[in-house]
Number of protein chains: 2
Amino acid sequence: MSPFSESPITSSDKIFIAIRSDIVAGVIEAGSKLSEAELSTIHGVSRAVVREAINRLENVSLVERKPNIGARVVTLTHQGLIQLYQVREALEGMAARLAAQNMSDKEIAQLNKLLANHFEEVKDGESYYQEAGDVDFHYRILLGSHNQQLISMLSNNIYHLVRMYRVQLGMAGPRVTTAFVEHKNIVQAISNRDGELAELLMRRHILYSKNNIEAKLKQN
Amino acid sequence: MSPFSESPITSSDKIFIAIRSDIVAGVIEAGSKLSEAELSTIHGVSRAVVREAINRLENVSLVERKPNIGARVVTLTHQGLIQLYQVREALEGMAARLAAQNMSDKEIAQLNKLLANHFEEVKDGESYYQEAGDVDFHYRILLGSHNQQLISMLSNNIYHLVRMYRVQLGMAGPRVTTAFVEHKNIVQAISNRDGELAELLMRRHILYSKNNIEAKLKQN
DNA sequence: TTTTACTATATTGTCGACAATCCATGCACA
DNA sequence: TGTGCATGGATTGTCGACAATATAGTAAAA
């Protein structure tokens, strides 16, 4: 059920996932250059597979490539984060609307169950699980949209970038309790099959999240 | 200014653009398999550049690849078209909202000028230019959002798929006059810096477009 | 006749080498 | 001193060959 449960098949897959993980975690730092030769010796594979991995990293917006020059990890900027959240707001808002229309009753029941589990954690002050819990929540609704295009856009492109920002700017799940209430209201709207409201609430939820992060950034 | 004015640098670029064009136009038919060997002999390049081109085609959602099996052109379905328009609605709605906030006065003036040109064409019954004109209109607003993430998502991923559907399902620009009025109202809202309204109108505009296409599909 | 196992063939994945392009260093010249 | 231009080194782009995997066809067994 987790969005990050890919099982690599080819060795390109492995290298792709390995490098992606390093980029998101900041092991390979933002803005730095990716040398094909270097990466191929590090991982013990030929340049061909590294090239393929880099291509795929480009597609998920984690690196930028220029012909004959090379690939660089994207640089994290204040503005970039804002723009990313604007896209998220639009896409996840639509996902919530569609989820209210398209989720099966069983899926909705599972969503409510997930929410109940989160409540237990919040109550006990286990904010450790918040990050993963939040991801799970959003991912579940995304799947509930039953829109393949939307699912692949968010889970392949957006989410890893969001994670990269969160990790590297040190956003360890704040807003735990307020976010929980927002989640609850969204689930309520979906349970009522009110797509209009679900979209509105989801958009606000992400907007709040963005404002919160922005405020944090300005402290630095 | 046109969204399709890329200048290929490497030979991968050329092959990528060539194959993409064949796919969108239906020369390579939807659902068919892409043989690396075949394509490399046809275009007179090595398999490596064909592989890179296919990778990039995968990233723009025009082909699907399975490890050790190969790549197939996506299949066009009724449902796929609807889902595509749902994503467009979300993204272009946000683009219109941001355009109202972020476009410079100069950009807005140019947008009004573009609209005036369209009016001349519509008045004279030149529906031939409608397709390109419509693309230009939407693309201009997209650029006006000044959101790089949004721009690359729509212009790299969505628009080519939309074109593929339009071409292969034979949607030669209907709705010319009504669409023009909708465009006009959107520009008005942007000129008034009313992001809220611009988003709403753009979403409706795309929704109408979707409904129109759906109705056409049901005739077959 | 149907099913299963195997073999042959075709296709994709990976590799190392060569070609083309870019970039930094240093030299000539104004 | 500063600008422009050659040269050398490093990096990316492209190629053909080999390895690994999937598919189709055939033959053997139930």
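To be clear, the structure that these remarks concern was listed above.
Residues numbered from 1 in each chain as written. Chains lettered and ligands numbered in written order. Predicted model: local features only at pLDDT ≥ 70, side-chain atom pairs only at ≥ 80, totals over all residues. Heavy atoms only, no water.

1. Quick word on the environment of B:His183
Residues and elements named next belong to chain B. Within the secondary structure, His183 sits in helix H8 (residues 176–191). You can call His183 buried: its relative accessible area is 2%. Residues His183 and Met202, 19 residues apart in the sequence, show an inter-C-alpha distance of 8.2 Å. Setting aside chain neighbours within four positions, we find His183 in contact with Leu115, Asp134, Phe137, His138 and His205. A polar contact of 3.2 Å, which involves the side chain of His183, links it to the side chain of Asp134. (Helix = DSSP H or I, 4+ residues; strand = E, 2+ residues; numbered from the N terminus. Buried < 20%, exposed > 50% of the residue type's maximum accessible area, 1.4 Å probe, protein only. Contact = heavy atoms within 4.5 Å. Polar contact = N/O pair within 3.5 Å; in protein donor to acceptor, adjacent residues only side chain to side chain.)

2. A few points about the relation of the copies chain B and chain A
Note on the copies: chain B fits chain A at an RMSD of 0.0 Å, the axial shift is 0.0 Å, and the rotation between them is 180 degrees. In the structure described here, the two chain copies are related by an operation that fits a two-fold rotation axis. Both copies contact each other with a shared surface, as 100% of the interface residues of chain B are interface residues in chain A too. (Least-squares fit on C-alpha atoms with pLDDT ≥ 70 in both.)

3. Looking at the packing of aromatic side chains
According to the stated counting rule, one finds 0 aromatic pairs over all chains in the structure shown. Positioned above the aromatic ring of A:Tyr85, the side-chain terminus of A:Arg88 is 5.3 Å from the ring centre. Over the ring of B:Phe16 we find B:Arg56, and its NZ or CZ is 4.3 Å from the ring centre. (Phe/Tyr/Trp six-rings, centres within 6.5 Å; stacked < 30°, edge-to-face > 60°. Lys NZ or Arg CZ within 6 Å of the ring centre and 35° of its normal.)

4. Focus on the protein's contact with DNA strand C
Neighbouring DNA strand C are 19 residues, the closest being A:Ser11, A:Ser46, B:Lys33, B:Arg47 and B:Arg51. Counted by atom, the contact set of DNA strand C within 4 Å of the protein is 75% sugar and phosphate. Between DNA strand C and A:Ser12 there is a distance of 2.9 Å, counted from a phosphate oxygen to a side-chain nitrogen or oxygen. At 2.4 Å from a phosphate oxygen of DNA strand C is found a side-chain nitrogen or oxygen belonging to B:Arg51. Those elements giving two or more residues to the surface near DNA strand C turn out to be helix H1 (11–25) and helix H3 (47–59) of chain A together with strand S1 (33–34) and helix H3 (47–59) of chain B. Counted by class, the surface near DNA strand C contains 7 nonpolar, 7 polar and 5 charged residues. (Near = heavy atom within 4 Å. Nonpolar A, V, L, I, M, F, W, Y, C, P; charged D, E, K, R; others polar.)

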